[in-house]
Amino acid sequence: MTRKQRRLILIGSALGVLFVAAGLVMFALRDNIVFFYTPSEILAKAPAPGTRLRLGGLVRQGSVVRGDDRAVTFDVVDGERQVTVSYKGLLPDLFREGQGVVAEGVLVSPTQFRADNVLAKHDETYMPREVADALKKQGHWQPNGPPPGAEAKK
Amino acid sequence: MIVETGHYALVLAFALSLVQGVLPLWGSRKGDVALMAIGPSAAIMQFVLIAIAFGALTWAYLSSDFSLLNVVQNSHSQKPLIYKLSGVWGNHEGSMLLWVLILSFFGALVALGGRRTPQELLATTLSVQAWISAAFLLFILLTSNPFARLALPPVEGNDLNPILQDPGLAIHPPLLYLGYVGFSMTFSFAAAALINGRIDAQWARYVRPWTLIAWIFLTLGIAMGSYWAYYTLGWGGFWFWDPVENASLMPWLAGTALLHSATVMEKRDALKVWTIFLAILAFSLSLLGTFLVRSGVLTSVHAFATDPRRGVFILAILVVFIGGSFVLFALRGPLLKAGGIFAPVSREGALVLNNLLLTTSCATVFTGTLYPLALEALTGEKISVGAPFFNFTFVPLFIPIFLAMPLGQVLAWKRGDFLGSAQRLTLAFILAICVGLLLAATRGEPVVSAVFAGLAVFVIIGSFAEIWTRISGSGWAPRTILSRAMGLPFSAWGTALAHAGVGVTLFGLAATGWGVERILAMRVGDQVGIGPYALTLDAVAPRKGPNYDETVARMTIRRGGVEIGQIEPSRKFYRARQMTTTDAGLRTYFLGQIYVVVTEQNASGTIDVRMYWKPYVAMIWLGALIMALGGGISLADRRLRIGVARRARVRPVVQPAE
């Protein structure tokens, strides 16, 4: 085998692998990514019902209703709009009324959302970054109070 | 006073790193031996100074010195001793200090163990290392000083984030940092080779131990982190394709590729430019990982202690070092003498394929991790790229790696015989099919689990095919075999073990398909079946810990009616931070695990329970341990070989004329 042929094989296989990988990435990015919306963005951009998305905002005070068999509904608000989320399963430790939340699932109608996953980071001052940005944009941003005892350092 | 000493030592270390960054480099340019000799002493002194600083901070934590802001924010006088200690690096400032401590530790190791390294290379390498060190010391001193004092110290601290109060945290960050920062050594060596414009097979030999050390610790760090997430986050998952996890996976993939390409460079004096590129890439990805974790630009489930303002500083460090090294690479790379091109079917051909697939899969992880960030910057749209993306892109690229791994090992250097080599894997192949069929028949759905488990068996058995051929060549008498086995170089055993470890991990991953999950409400006295076991809830009782109160659910595990153990999942309420965490109950039986999580008690007196039976799940982490062990054995081989250039005994095939 000549040097030229060997080099061709090397370059060919490198290009082949890259091509396959690029194809996989393009295909996966088309089908497997999930967009993030706040309740008012849902109203503004009106994604079709049945779209898979992430919904973020604050859990409205007093809106959490627990049903039978670990079913739960709560409202996610961003100051202007609200969307009712229904979820069945165990909620994360840091899910609380008045706190930020991100729910992943399917939009049923512009005000109804069926979540199959509720995320909350494990930190009591946590505000999901997307939620914080969205609230800041609308002027509803109130930074979380300092953790207990933090007054001491000021 | 001790605290001030620590602070002062840190400032001194910064000044010293500037000296170390300039003088030895200047000396190597001018051929001045005295200037070059400053490098090793400065590197050792720098380590001593940073160790003093780290010791001072540790002392402040152990003595609960609440005049230090950092201690107030992250410690509590009631906290158990081990968490006071691990609290030192459980926060941003402390973890950055640990970062530079490890950086200077590696610098000192090179200075001590580098007497065999040519002086010019050593001096330049230590200078480059000092620049990294200077950048991060400046970062600590300017933006995240752990020694900041408070004018009015409070009487009690805020406590460490409860989720971090776990023995796993005591080990995980140091291991991970040893891996991340370990690649700084290979980076410095690569940059030094580019600056000096000289690189040969010897270079690969000096760098090999450092790559191996970094790789071993990174492997352990990732495995430890994954196990920690598995039992503390309480979701039963061990890998979430989360940005922070990806940040540690990317340098691992690049580092694994580097280990393999450096072998080719060492043995065949080829792939030089590529190896240098990988050395730069591995550390660049480590820096990127530090940036992603520390800056909080990406939403993550694991990122603790983040601060966007500091992100800009780390981003600047990132741009300077990655940009600078790639510019250096572009300028000097073409000057390096290119190595030969070799036959596609050969050991080195297989290693090139390995490199190709590893770097490509690394690129897909990179794309998936940073695409949301790029899209948001460009269009303002927020997206999340989750597990489906990675399963779709990463897994197809790894399947050929698994198939080629055993094959590459049995191929000969220079020119391999594909069919002859494949024949040596017949046994592994037959066993793999048998195990796959057996598992498909006994465990049932999903079939893909059985297929991957079969592939794992192929990898495990195939890893030892080369060794088996080498030791059974001259007869089957046990004594001959034993003596031949003892005579094999450690690196052969190391390679075989590390590859087998990959197979063991793959088996554990494949078996996740057979796991069982149940979510239900239980009353005291209820019994539920999960997999081959039955769990009875005996009692739900409160218990008091040192700095928390917990509710413990006591359960008995039975198999076939016979009691075999207890399991105690609990919920802990941390008093200082008013925060609740879930503590999973875990029991390991025959490599499988029962995993139970409880949530709050319902009004009706029941308690919500989530339980899993995960067969063979322990193999995921066991495999990583085996990989690291293989790396360690391979490392031991180096001592025997250093300085003695081992050439192939005979060169049977002469390269055809071209």
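Positions within a chain are numbered from 1, following the residues in the order the chain's sequence is written. Note on labels: chains are lettered from A, ligands numbered from 1, in written order. Only residues with pLDDT of at least 70 get local features here, since the model is predicted, and only at 80 or more are side-chain atom pairs given and counted; chain-wide, interface and lining totals rely on the full set of residues. Note that water and hydrogens are dropped before the side-chain values are worked out from all heavy atoms of the structure.

### Structural notes on the overall build of chain B
The helix count covers DSSP runs of H or I at least four residues long, the strand count covers runs of E at least two residues long, and both are numbered beginning at the N terminus. The number of helices and strands found in chain B is 20 helices and 11 strands. Relative to the compact-globule value of 26 Å for 658 residues, chain B shows a C-alpha radius of gyration of 27 Å, a close match. Each principal axis of the C-alpha distribution contributes one length, and for chain B these read about 85 × 70 × 60 Å. With 658 residues in all, chain B has 59% of them scored as buried. Areas reported as accessible are Shrake-Rupley estimates using a 1.4 Å probe. Residue values count occlusion only from the protein chains shown. Counting every atom, chain B has about 25,900 Å² of accessible surface; 68% of that belongs to carbon and sulfur. For this count, His and the chain ends are skipped, Lys and Arg are scored as positive, and Asp and Glu as negative. Charge positions come from single atoms, namely NZ of Lys, CZ of Arg, CG of Asp or CD of Glu. Looking at chain B, you have 48 positive and 32 negative side-chain charges, and the mean spots of the two groups are 11 Å apart. All radius of gyration figures rest on C-alpha atoms, and the globule criterion is 2.2 Å times the number of residues raised to 0.38. Relative accessibility decides the category of a residue: with a 1.4 Å probe and only protein chains considered, values under 20% of the type maximum give buried, values over 50% give exposed, and everything between is partly exposed.

### Brief notes about the nonpolar core
General note: in soluble globular proteins, nonpolar side chains tend to be found buried as a group. Residues and elements named next belong to chain B. Grouped together as the largest cluster of nonpolar side chains are 154 residues, with contacts concentrated most on Trp-99, Phe-147, Phe-189, Trp-203, Leu-253 and Ile-276. Counting residues per element, this core draws most heavily on helix 7 (residues 167-196), at 16 residues. When residues are assigned to domains, this core turns out to be shared by domain 1 (1-160) and domain 2 (424-513 + 621-641), each giving three or more. Setting aside residues up to four positions removed in sequence, Trp-99 forms contacts with Ile-132, Phe-136, Tyr-177, Val-181, Phe-283, Leu-287 and Thr-290. Here the nonpolar core consists of buried residues drawn from Ala, Val, Leu, Ile, Met, Phe, Trp, Tyr and Cys, with membership extended through side-chain atoms lying within 4.5 Å. Where each domain starts and ends follows an automatic or database-derived domain assignment. By the convention used here, residues are in contact when the closest approach between their heavy atoms is within 4.5 Å.

### Quick word on the packing of aromatic side chains
Residue and element names in this part refer to chain B. Here the aromatic set is Phe, Tyr and Trp, taking the six-membered ring for Trp, and pairing holds for ring centres within 6.5 Å; pairs whose planes are under 30 degrees apart are stacked, those over 60 apart are edge-to-face, and all others are tilted. All told, the structure shown has 31 aromatic pairs over all chains when counted by the stated rule. Ring centres of Phe-105 and Phe-106 lie 5.9 Å apart, and the angle between their planes is 55°; on these two criteria the pair is classed as tilted. Here Phe-507 and Tyr-616 contribute two aromatic rings whose centre-to-centre distance is 5.3 Å and whose plane-to-plane angle is 90°, an arrangement assigned as edge-to-face. You can see Phe-507 sitting in helix 19 (residues 490-511) and its partner Tyr-616 sitting in the loop between strand 11 (607-614) and helix 20 (618-641), a full 109 residues away along the chain. Classification of Phe-507 by relative accessible area gives buried; the value is 8%. For Tyr-616, a relative accessible area of 21% corresponds to the partly exposed category. In textbook terms, an aromatic cluster arises when at least three aromatic residues are bridged by ring pairs, as seen for Tyr-227, Tyr-230, Tyr-231, Phe-238, Tyr-595, Tyr-612 and Trp-621.

### A closer look at empty space enclosed by the protein
A pocket here means an open set of points on a 1 Å grid, computed over the protein atoms alone, that has protein on both sides within 12 Å along at least five of seven lines. A cavity is instead a set of points where a 1.4 Å probe fits but cannot get out; residues with an atom within 4 Å of a point line either one. Grid points are joined across faces, edges and corners, and a volume is the space filled by probe spheres set on the points. Under the criterion given, the structure shown has six cavities of 30 Å³ or more. Volume-wise, the second largest cavity comes out at about 80 Å³. Lining the second largest cavity are 11 residues, with Pro-92 and Asp-93 of chain A together with Trp-235, Thr-582 and Arg-610 of chain B sitting closest to its centre. Residues are sorted three ways: Asp, Glu, Lys and Arg are charged, Ala, Val, Leu, Ile, Met, Phe, Trp, Tyr, Cys and Pro are nonpolar, and all the rest, Gly among them, are polar. In the lining of the second largest cavity, the residues fall into five nonpolar, four polar and two charged.

### Some thoughts on the pattern of salt bridges
The term salt bridge refers to a side-chain nitrogen of Lys or Arg lying within 4 Å of a carboxyl oxygen of Asp or Glu. Inspection of every chain in the model, using the stated rule, returns 18 salt bridges over all chains. A salt bridge links Arg-543 of chain B to Glu-550 of chain B, with the nearest nitrogen and oxygen atoms 3.1 Å apart. Taking the relative accessible area as the measure of exposure, Arg-543 of chain B reaches 37% and is therefore partly exposed. Classification of Glu-550 of chain B by relative accessible area gives buried; the value is 7%. Across the salt bridge formed by Arg-543 of chain B and Glu-568 of chain B, the nearest N and O atoms sit 3.5 Å from each other. Remark: Glu-568 of chain B occurs in the loop between strand 6 (562-567) and strand 7 (570-574) and Arg-543 of chain B occurs in strand 4 (residues 533-544); sequence separation between them is 25 residues. Note on Glu-568 of chain B: relative accessible area 34%, which makes it partly exposed. Salt bridges here are not isolated pairs; linked through shared partners, they connect Arg-52, Arg-54, Glu-104 and Asp-116 of chain A.

### Quick notes on the side chain of Ser-634 of chain B
Position of Ser-634 of chain B among the secondary structure elements: in helix 20. Non-local contacts of Ser-634 of chain B, meaning those with residues more than four positions away in its chain, are made with Arg-208, Leu-212, Phe-490, Ser-491 and Gly-494 of chain B.

### Quick word on unusual backbone geometry
Residue and element names in this part refer to chain B. With a phi angle near 60°, Asp-269 is a residue other than glycine that sits in the positive phi range. Positionally, Asp-269 belongs in the loop between helix 9 (243-268) and helix 10 (272-295). For Asp-269, a relative accessible area of 30% gives the class partly exposed. One non-glycine residue, Leu-591, lies in positive phi territory at about 70°. With respect to the helices and strands, Leu-591 occurs in the loop between strand 9 (585-589) and strand 10 (592-601). Leu-591 gets classed as partly exposed once you look at its relative accessible area, which sits at 35%.

### A look at the sheet that holds strand 9 of chain B
Residues and elements named next belong to chain B. Paired strands, as defined in this entry, are two strands with at least two bridges between them according to DSSP. Taken together, four strands build an open sheet; the order of strands is 2-11-10-9 and the sheet is antiparallel. What marks the edges here is a single partner per strand, and that holds for strand 2 (516-522) and strand 9. Across this sheet, the average inter-strand angle for adjacent strands is 15°, counted without regard to direction. Relative to strand 11, strand 2 is paired through seven bridges, and the arrangement is antiparallel. If you follow Glu-517 over to strand 11, its bridge partner there is Tyr-612. With axes taken as lines fitted to C-alpha atoms, and helix axes fitted only over the stretch in contact, angles between N-to-C directions fall between 0 and 180 degrees. Packed on one face of the sheet, helix 8 (residues 201-232) meets strand 9, strand 10 and strand 11 and runs near 45° to strand 10.

### Regarding a nonpolar patch on the surface
Taken together, the side chains of Leu-10, Ile-11, Leu-15 and Leu-18 of chain A define a hydrophobic patch exposed on the protein surface, amounting to about 360 Å² of accessible area. Turning to its location among the elements, Leu-15 of chain A is positioned in helix 1 (residues 3-31). Residues form patches when they are more than 30% accessible in relative terms and have no salt bridge. Like charges link within 9 Å. Nonpolar side chains (Val, Leu, Ile, Met, Phe, Trp, Tyr) link within 5 Å.

### A short note on the side chain of Asn-246 of chain B
Residue and element names in this part refer to chain B. You can see Asn-246 is positioned in helix 9. We classify Asn-246 as buried; its relative accessible area is 1%. Excluding anything up to four places from it in sequence, Asn-246 contacts Trp-239, Trp-241, Val-365, Thr-369 and Phe-390.

### A look at the domain arrangement of chain B
All names here are of chain B. Taken domain by domain, chain B comprises domain 1 (1-160), domain 2 (424-513 + 621-641) and domain 3 (516-614). A C-alpha centroid distance of 43 Å is found between domain 1 and domain 3. Listed by partner, the interface residues are nine residues for domain 1 and five residues for domain 3. Buried area is understood as the total, over both parts, of accessible area removed when two parts are fitted together, assessed with a 1.4 Å probe. A combined buried area of about 490 Å² lies between domain 1 and domain 3, and 47% of that area is made up of carbon and sulfur atoms. Identification of polar contacts relies on pairs of N or O atoms within 3.5 Å, with a donor-acceptor requirement for protein atoms, meaning one able to donate a hydrogen and the other able to accept it, and with residues adjacent in sequence counted only if both atoms are side-chain atoms. Connecting domain 1 to domain 3 are zero residue pairs in polar contact (both at pLDDT 80 or more). By residue class, the composition of the side of domain 1 that touches domain 3 is two nonpolar, five polar and two charged.

### Notes on the pairing of strand 10 of chain B
Residue and element names in this part refer to chain B. Across the 10 residues that make up strand 10, a large majority, eight, are buried. As defined by bridge partners, strand 9 adjoins strand 10 across five bridges and the pair is classed as antiparallel. Paired with Leu-586 across the bridge in strand 10 is Tyr-595. The hairpin turn running from strand 9 into strand 10, its antiparallel successor, is two residues long, and Phe-590 in that turn takes a positive phi close to 50°. Sheet analysis places strand 10 next to strand 11, joined by seven bridges and oriented antiparallel. Bridge assignment links Gln-601 to a residue of strand 11, and that residue is Ile-607. Counting the residues between successive antiparallel strands, the hairpin from strand 10 to strand 11 contains five residues, one of them, Gly-605, with a positive phi of roughly 90°.

### Some points on helix 9 of chain B
For an α-helix, the turn length of 3.6 residues means that residues three or four places apart are oriented alike. Residues and elements named next belong to chain B. What a helix is expected to span follows from its residue count: subtract one and scale by 1.5 Å. Here helix 9 spans 37 Å end to end across 26 residues, near enough to the 38 Å set by a 1.5 Å rise per residue. Counting buried residues along helix 9, 24 of its 26 residues qualify, which places the element largely inside the surrounding structure. If you check the start of helix 9, you find a side-chain oxygen 3.0 Å away from the backbone N of Val-244, and it comes from Asp-242. Downstream of helix 9 by a residue or two, Asp-269 has a phi angle that is positive, lying close to 60°.

### Description of the environment of Phe-36 of chain A
By secondary structure assignment, the location of Phe-36 of chain A is in strand 1 (residues 33-37). Taking C-alpha positions, Phe-36 of chain A is 4.6 Å from Arg-54 of chain A, a pair spaced 18 residues apart along the chain.

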